[in-house]
Amino acid sequence: LDLPAIERAEVLTDKDNWDEIETQMFLFQKGDTKMGLRYDGTVGLSRYVAGHLNDLVFPFRASQFSKRYRGERAQRGRYREFYQCDVDVVGTNSLLSEVELIQIVEEVYRRLGIRVSLHINNRKILAGIAEVIGQPERIIDITVAIDKLDKIGIDNVNKELLDKGIPAEAVEALQPILHLNGTNAEKLDQLEEVLATSQTGLKGIEELR
């Protein structure tokens with residue numbers, strides 16, 4: 001797909017996390033319409049699929065390789081203008097599609113001769129974590145903080161969660177998950193114990209296995 005770089009601002013975001021996304025966007029006014037430069041490929045893909053529902057065969061596979069724009073401080077490895085490749089499958093819940101996408105990433109790096117370690121997760125597990133610590137509505141704040149674990153360490157992750165208003169008892173309940181160790185199989189076993197009361201979390205563990 002080769003989709004427009006410019007979208008209506010209200011299409012590029014939603015009201016739930018508008019403040020956060022607006023700070024990352026290049027916005028401008030055209031008459032009475034507020035416009036923005038795309039910062040990822042999801043919005044354009046969603047609009048394309050919605051506009052061609054009667055023409056597409058599902059599952060629909062699409063790839064994009066195009067420039068993205070982020071209105072943040074430029075620094076090493078993070079630029080205001082950069083190329084990004086997206087590969088998506090729309091219209092199926094099959095885990096085979098998930099495997100297919102992982103294989104694509106692996107093959108790209110293998111052909112380039114770059115050795116990488118691929119880390120995979122499951123959103124159901126993340127939802128289960130938020131559920132068992134009593135903060136299901138704060139899943140985004142929780143997962144954004146956890147995602148920084150390797151970069152900033154456990155202490156700073158805990159501080160960020162507290163600064164975002166996550167209760168101290170919920171942060172304490174999260175600690176066994178932040179301290180997972182062992183092989184992948186052993187980590188899944190540990191997660192299964194921690195998420196025993198969350199059917200969503202257990203389903204995510206099953207899918208990862």
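Quick note: structure is the one above.
One structure accompanies this document, and this report is about it. The model shown is predicted, which means the values in this text are computed figures rather than measured ones.

About the cut-offs
- Residues numbered from 1 in each chain as written.
- Predicted model: local features only at pLDDT ≥ 70, side-chain atom pairs only at ≥ 80, totals over all residues.
- Heavy atoms only, no water.
- Helix = DSSP H or I, 4+ residues; strand = E, 2+ residues; numbered from the N terminus.
- Buried < 20%, exposed > 50% of the residue type's maximum accessible area, 1.4 Å probe, protein only.
- Contact = heavy atoms within 4.5 Å.
- Areas by Shrake-Rupley, 256 points an atom, 1.4 Å probe, with all protein chains shown as cover.
- Lys, Arg positive; Asp, Glu negative; His and termini not counted.
- Charge placed at Lys NZ, Arg CZ, Asp CG, Glu CD.
- Arc of directions from axis to C-beta.
- Polar contact = N/O pair within 3.5 Å; in protein donor to acceptor, adjacent residues only side chain to side chain.
- Core = buried A, V, L, I, M, F, W, Y, C linked by side-chain atoms within 4.5 Å.
- Pairing = 2+ DSSP bridges.
- Axes fitted to C-alpha atoms, helices over the stretch in contact; angles between N-to-C directions.
- Patch = residues over 30% accessible without salt bridge, like charges linked within 9 Å, V, L, I, M, F, W, Y side chains within 5 Å.
- Salt bridge = Lys/Arg side-chain N within 4 Å of Asp/Glu carboxyl O.

**Here we look at the overall build of the protein chain**
Thinking step 1. A count of helices and strands for the protein chain gives 10 helices and 5 strands.
Thinking step 2. Sorting the 209 residues of the protein chain into buried and exposed places 28% on the buried side.
Thinking step 3. The long-range fraction of contacts in the protein chain, counting pairs at least 24 apart against all pairs at least 6 apart in sequence, stands at 51%.
Thinking step 4. Of the roughly 14,000 Å² of accessible surface on the protein chain, a fraction of 50% belongs to carbon and sulfur atoms.
Thinking step 5. The averaged location of the 35 negative side-chain charges in the protein chain is 7 Å from the averaged location of its 27 positive side-chain charges.

**Concerning helix H10 (residues 199-208)**
Thinking step 1. Within H10 the residues assigned to the buried category are Gly 201, Gly 204 and Ile 205. Angular distribution of buried residues about the axis of H10 spans 100°; they occupy a single face of the element. Away from its buried face by more than 90 degrees, H10 exposes Gln 199 and Glu 206.
Thinking step 2. Packing partners of the buried residues in H10 comprise helix H5 (123-132) and helix H9 (184-194).

**Considering the environment of Arg 47**
Thinking step 1. Checked against the element boundaries, Arg 47 lands in helix H3 (residues 42-51).
Thinking step 2. The partly exposed category is assigned to Arg 47, whose relative accessible area is 37%.
Thinking step 3. Sequence separation between Arg 47 and Leu 3 is 44 residues; the distance between their C-alpha atoms is 9.8 Å.
Thinking step 4. For Arg 47, the contacting residues outside a window of four places in its chain are Pro 4 and Glu 7.
Thinking step 5. A polar atom in the side chain of Arg 47 sits 2.8 Å from the side chain of Glu 7.

**Quick notes on the nonpolar core**
For soluble globular proteins, the rule of thumb is that nonpolar side chains tend to be buried together.
Thinking step 1. Counting residues in each nonpolar core, the largest one holds 21 residues, and the members touching the most others are Ile 142, Leu 161, Leu 174 and Leu 191.
Thinking step 2. Looking at this core, the elements that each hand over two or more residues are H5, helix H6 (139-146), helix H7 (149-163), helix H8 (168-178) and H9.
Thinking step 3. Of all the elements, H8 adds the most residues to this core, at 5 residues.
Thinking step 4. Setting aside its immediate chain neighbours within four residues, Leu 191 contacts Ile 125, Ile 177, Leu 180 and Ile 205.
Thinking step 5. Counting residues in hydrophobic clusters, the runner-up holds 5 residues, among them Leu 45, Val 49, Leu 56 and Phe 60.

**Some details on the side chain of Asp 86**
Thinking step 1. Mapped onto the elements, Asp 86 comes out in strand E5 (residues 81-90).
Thinking step 2. There is a polar contact of 3.4 Å between the side chain of Asp 86 and the side chain of Gln 84.
Thinking step 3. With sequence-adjacent residues up to four places away left out, Asp 86 is seen in contact with Gly 41, Ala 62, Ser 63, Gln 64 and Arg 68.

**Some details on the sheet that holds strand E2 (residues 27-30)**
Thinking step 1. Spatial strand order, E1-E3-E2: 3 strands in an open sheet with antiparallel pairing. The sheet is open, and its two borders are formed by strand E1 (6-8) and E2, each paired with just one other strand. Strand after strand, the sheet turns through a mean of 40° between neighbouring axes, direction not considered.
Thinking step 2. Bridge count for E1 against strand E3 (residues 33-37) is 3 bridges, and the pairing is antiparallel. Looking across to E3, one finds that Glu 7 is bridged to Gly 36.

**Overview of unusual backbone geometry**
Thinking step 1. The amide bond that connects Phe 58 to the next residue, Pro 59, takes the cis arrangement and shows omega of 0°.
Thinking step 2. Residue position: Pro 59 is located in the loop between H3 and strand E4 (60-69).

**Focus: H5**
Thinking step 1. Of all the residues in H5, the buried ones are Ile 125, Leu 126, Gly 128, Ile 129 and Ala 130.
Thinking step 2. The backbone nitrogen of Lys 124 has a side-chain oxygen 2.8 Å away, supplied by the residue at the start of H5, namely Asn 122.
Thinking step 3. Directly after H5, the chain includes Gly 134, whose backbone phi takes a positive value near 80°.

**Examining a nonpolar patch on the surface**
Thinking step 1. A surface patch of nonpolar side chains, about 870 Å² in accessible area, is lined by Val 87, Ile 102, Ile 104, Val 105, Val 108, Tyr 109, Leu 112, Ile 114, Val 116, Leu 118 and Ile 120.
Thinking step 2. Sort the elements by how many residues they give to the nonpolar patch and helix H4 (residues 95-112) lands first, with 6 residues.
Thinking step 3. If you trace the backbone, Ile 104 turns up in helix H4.
Thinking step 4. Take Ile 104: its relative accessible area is 32%, and that puts it in the partly exposed class.

On their own, these measurements won't tell you what the molecule is for.
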